[in-house]
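Tertiary structure, described
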Amino acid sequence: MEKLKEKVRESLASVLPITSIVLILSVVMFPLEIGAVALFLAGAVLLITGMGFFQLGAEMSMTPLGQGIGGQLVKNRKLPMIIAGCFLMGALITISEPDLQVLANQVASIPNRVLVLTVAAGVGIFLVIAVLRILFKVSLSRLLTILYIALFFVALAAPSEFLAVAFDSGGVTTGPMTVPFIMALGVGLSASRGDKEGTSDSFGLVALSSIGPILMVLLLGIFYHPTDAVYTSISIPGLATTQDVVRQFVLAAPRYAEEVMISMLPIILVFMIFQVVTKKYHRRKVLRMCVGFIYTVVGLILFLTGVNIGFAPMGNLLGENMVSGAYKWLLVPIGLLIGYYIVKAEPAVQILNRQVEDITGGMVSRHQMNLCLSAGVSFAVGLAMLRVLTGIPIYWILIPGYIMALVMSFFVPHVFVGIAFDSGGVASGPMTSTFLLPLTMGACTALGGNVVTDAFGAVALVALAPLIAIQIMGLLYHHKVKRELKTGHPILEDRIIELEE
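None of the values given here were measured: they were computed from a predicted structure.

With respect to the overall build of the protein
A tally of helices and strands in the protein yields 21 helices and zero strands. When the 501 residues of the protein are sorted by exposure, 59% land in the buried category. Intrachain contacts of the protein at a sequence separation of at least 6 include 85% that bridge at least 24 residues. As presented, the protein carries roughly 19700 Å² of accessible surface, and 67% of it is formed by carbon and sulfur atoms.

Let's talk about the nonpolar core
Of all hydrophobic cores here, the largest spans 162 residues; its most connected members are L65, I69, Y148, F167, L218, F311 and F421. With sequence-adjacent residues up to four places away left out, F167 is seen in contact with L151, F152, I214, L398, Y402 and A460.

Here we look at the side chain of S61
Tracing the sequence through the fold places S61 in helix α2 (residues 34–76). Residue classification places S61 among the buried positions, given a relative accessible area of 0%. In this structure S61 touches M289, G292, F293 and T296, once residues within four positions along its chain are discounted.

A closer look at the pattern of salt bridges
Applying the stated criterion across every chain, the model contains four salt bridges. With a shortest N-O distance of 3.9 Å, E2 and K5 are connected by a salt bridge. Here E2 and its partner K5 are both found in helix α1 (residues 2–29), three residues apart, which amounts to about one turn of the helix. With a shortest N-O distance of 3.9 Å, K3 and E59 are connected by a salt bridge. Taken together, the residues K3 in helix α1 and E59 in helix α2 connect sequence positions 56 residues apart. Note on K3: relative accessible area 37%, which makes it partly exposed.

Some words on the confidence of the model for the protein
For the protein, mean pLDDT is 81; residues scoring 70 or higher make up 87% of the total. Model confidence for the protein, summarised as mean pLDDT per element, is weakest for helix α21 (residues 490–500) at 48 and strongest for helix α16 (residues 395–408) at 90.

Overview of unusual backbone geometry
Residues apart from glycine generally show negative phi values, whereas peptide bonds are mostly found in trans. Residue K137 is not a glycine yet carries a positive backbone phi of 55°. The residue K137 is located in the loop between α5 (112–136) and α6 (140–157) in this model. Of note, the phi angle at K279 is positive, near 50°, even though the residue is not glycine. Its place among the elements puts K279 in the loop between α11 (242–278) and α12 (283–322). The class for K279 is exposed, based on a relative accessible area of 60%.

Definitions and cut-offs
- Residues numbered from 1 in each chain as written.
- Predicted model: local features only at pLDDT ≥ 70, side-chain atom pairs only at ≥ 80, totals over all residues.
- Heavy atoms only, no water.
- Helix = DSSP H or I, 4+ residues; strand = E, 2+ residues; numbered from the N terminus.
- Buried < 20%, exposed > 50% of the residue type's maximum accessible area, 1.4 Å probe, protein only.
- Contact = heavy atoms within 4.5 Å.
- Areas by Shrake-Rupley, 256 points an atom, 1.4 Å probe, with all protein chains shown as cover.
- Core = buried A, V, L, I, M, F, W, Y, C linked by side-chain atoms within 4.5 Å.
- Salt bridge = Lys/Arg side-chain N within 4 Å of Asp/Glu carboxyl O.
- pLDDT = per-residue confidence, 0-100.

Written out as structure tokens, the structure reads:
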């Protein structure tokens, strides 16, 4: 119980800033109906509680399951089994990813199931590629460069109206369900390999898994010609009493509970089969993981209900109000502020930061990761708001940004390359897709812009920013260690050798 309280307190500290910003804006600058504000506050309570349950549940269940499967696949040493196992787990985890459902609902020209299965196949294929990279010790920088070059060639053939949606799909795929498992899988694989380069190679799975959805959705766009994709506006019903507010969440909860249970069922079955076949975990560990799965399910239900019923409608309404007056250019600085804090509310970010700190032995702390990610995402959200106001094509930003990130990857210590590209997928999670995306869509709709080309792409920009920000941090850290190495500290000597390897 103490551990749960600790997680809820961490969630409160993460969500409180963005909640305060929205409340201040709704009171001081952009007045909103009291019913909408009440809905938002109730959603925030569910969000905080849900994040606490989810983070504890993922720590107890998804992380050990990923590490166990990763280690077992390597010990098996049968390449076909490794390929089949990684593809299956990548696809199943993606189908259970709640963020993907949010995006799929916005792309009207492609059936939800078709889009979800296409993205799941993309993650499965590229998770296999990522695992083979670890096993055969292929350079992450070179592989990323080759894949992104191929990706942009495919993008040239895809409909321009679908480019932003495709890149957004890569961001939302690596969310609160996918990241804990994939990160742990990488740790298990690298630990089983048992060499000095295991630490840096344990990162990069999320990065490579994010490329698959983009590529597959671009190919899907070529065949479906989805130029008529439309955005379904989010509306807030009339709420007269607090009972009306509670009723909205009560009515919505069963739907999200059903989605979460259907999504989690394949993962739970995999866990049961894995345990029966391998006897990997002792009885006490199995019970602990079962409790973890319960926490994960409860947390996701609370989280999704709070975010979709409370946060998404408020984001849409706030976006419309922010551009309806004479101060529409305030959208950019407000976007910078929201971006700085919104990444702190992403549950998968906190999981990644904790794993980074553990795996690097404190070489990269949670505080450093949070600060760097917040700065990068802040700039990205500011750019997303500027696109809403000006209609700047998304590829004017994405192409130079990815070129810069890929070039830097050849000069940054390997461990930071993997962390940076993993952070890109992790930063664009549920809060981004269910608050920031409706915010840009609401603003774009009020301005009379093209939602598909001008509002979509916010998730893609958020996913791009950490690639550059974390690698800059890596370059600065590497320079600092080399400078201090002159003092002759043996610990620093070991660390610089580890970085260069």
